[in-house]
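Observations on chain architecture
Chain by chain, the residues:
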Amino acid sequence: VASGPFPLAPLAEPVPLRAAFAGALMPIPLGTAICGFAPGGKPPSPYTDQFPGTKHIYQHPTIRLVALEGGQERLLIIRFDLVGVNPDLLRRVEEDLSVATGYDWHGHIIANASHTHSGTGRLGNSAIWDLMSDTFFPALFERMVAATVAMAMEALTRLEPAQFGYGVVETDALHNDRRCENPDVQDDRLHLFRFDRADGSPMGLFMVHSVHGTILDADERHISRDAIGGIEDKVKESFDSEVEVFM
């Protein structure tokens, strides 16, 4: 875990914008259950209870985030390659990061999911999560919390002066209405949030777009970022330098 500048002092006076991006592979084993499909059948693995175990990894799921400081506020925006974010995961990250940094992060973290149906399960301790993703696996949950907190702390040590830009692109190139019974309503807006360094070089960006990015099916038993991961990778390839991208 990063060593400083902790504890974080309160921002008594407004400060200019600073930012830092971070990303890492999610600490999940091959063989874990995925979340987003019906339970299916066997075979199980040492990391499953009622669901079949995964047998392939294609585009290993990630945790990606941007740490922000500006005015008198700090904010973390975290994206997990999961079908959804369990509120218990967010609460634990808030609690553990507050203890580790000496700063109250409750209400200062926005946690999002890419909605891959091939992300890990077993992170929720309730009946609905058991139905979607197999029974709760405390050891896996603790690994996820620890990895997220460590990544956030590392990013907070690298905060640097930043510039911010926001734009909206109208496009239907990445999605279409898959249910013809619906009313003819489709949100084609692609929201872009970009952060550059003080010298104008790109630092990272995140995108918001209405895509149900499911290409792989349950029978293939892949752990994967799925279609969203492919979109992120192609956007990264469009830059001449290393840029963190998440959607």
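In short, a report on the structure. The structure displayed is predicted, hence computed values, not measured ones.

Brief notes about helix α3 (residues 138-156)
Compared with an ideal rise of 1.5 Å per residue, which puts 19 residues at 27 Å, α3 spans 27 Å between its outermost C-alpha atoms and is within 8% of the ideal. All buried positions along α3 are accounted for by Leu-140, Phe-141, Met-144, Val-145, Thr-148, Val-149, Met-151, Ala-152, Met-153, Ala-155 and Leu-156. On its buried side, α3 packs onto β1 (15-25), β4 (62-71), β5 (73-80), α1 (87-101) and β7 (119-120).

Remarks on the pattern of salt bridges
This structure, assessed with the given rule, holds 18 salt bridges. For Arg-91, the salt bridge is made with Asp-88, and the minimal N-O distance between the two is 2.3 Å. Residue Arg-91 and its partner Asp-88 are located together in helix α1, separated by 3 residues, close to a single helical turn. Ionic pairing is found between Arg-197 and Glu-160, a salt bridge with its closest N-O pair at 3.5 Å. On the criterion of sequence distance, the pair formed by Arg-197 in strand β9 (residues 189-197) and Glu-160 in strand β8 (residues 160-170) is long-range, its members being 37 residues apart. For Arg-197, a relative accessible area of 26% puts it in the partly exposed group.

Rules and cut-offs
Residues numbered from 1 in each chain as written. Predicted model: local features only at pLDDT ≥ 70, side-chain atom pairs only at ≥ 80, totals over all residues. Heavy atoms only, no water. Helix = DSSP H or I, 4+ residues; strand = E, 2+ residues; numbered from the N terminus. Expected span 1.5 Å × (residues − 1). Buried < 20%, exposed > 50% of the residue type's maximum accessible area, 1.4 Å probe, protein only. Contact = heavy atoms within 4.5 Å. Salt bridge = Lys/Arg side-chain N within 4 Å of Asp/Glu carboxyl O.

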